[in-house]
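Coordinates in review
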Amino acid sequence: MKKSSLTHRVFDLYYEGFRDMRLGRTLWAIILIKLFIIFAVLKVFFFPNFLKEHANGDEAGYVATQILNQ
């Protein structure tokens, strides 16, 4: 019995495509490495936790005072 539902055909299309590609695996690996670098490494160095440094444990109170003072 052959499954011919739309979801099965779409899944089969992507499954066969990713299984048979050779260069694409390398490109996907490069993309994943770049995303890791962007979100993990650069966040640590260029986006410090401003709220943690300035709130002294009362983040909600600090945000409320900053909003009301503006």
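Basis of the calculations
Residues numbered from 1 in each chain as written. Predicted model: local features only at pLDDT ≥ 70, side-chain atom pairs only at ≥ 80, totals over all residues. Heavy atoms only, no water. Helix = DSSP H or I, 4+ residues; strand = E, 2+ residues; numbered from the N terminus. Expected span 1.5 Å × (residues − 1). Bend = angle between axes of the 7 residues up to and from the residue. pLDDT = per-residue confidence, 0-100. Phe/Tyr/Trp six-rings, centres within 6.5 Å; stacked < 30°, edge-to-face > 60°. Buried < 20%, exposed > 50% of the residue type's maximum accessible area, 1.4 Å probe, protein only. Salt bridge = Lys/Arg side-chain N within 4 Å of Asp/Glu carboxyl O.

**Observations concerning helix 2 (residues 23-46)**
- Over its 24 residues, helix 2 runs 33 Å from end to end, which matches the ideal 34 Å to within 8%, given 1.5 Å per residue.
- Its maximal kink placed at Ile37, helix 2 deviates by approximately 30 degrees.

**Let's talk about the confidence of the model for the protein**
- Scored by pLDDT, the protein has a mean of 85; 96% of the residues are at 70 or more.
- Across the protein, the secondary-structure element scoring lowest on mean pLDDT is helix 3 (residues 50-55), at 83, and the one scoring highest is helix 4 (residues 59-69), at 90.

**Digging into the packing of aromatic side chains**
- For the structure on display, the rule yields 1 aromatic pair.
- Centre to centre, the rings of Phe11 and Tyr15 are 5.9 Å apart; their planes meet at 15 degrees, and the pair counts as stacked. Highlighted residues: Phe11 and Tyr15, both in helix 1 (residues 6-20), separated by 4 residues, approximately one helical turn.

**Topic: unusual backbone geometry**
- Of note, the phi angle at Asn56 is positive, near 55 degrees, even though the residue is not glycine.
- For Asn56, a relative accessible area of 70% gives the class exposed.

**Some thoughts on the pattern of salt bridges**
- Applying the stated criterion across every chain, the model contains 1 salt bridge.
- Between Glu16 and Arg19 there is a salt bridge, with its nearest N and O atoms 2.6 Å apart. Remark: Arg19 and Glu16 occur in helix 1; sequence separation between them is 3 residues, near one turn of the helix.

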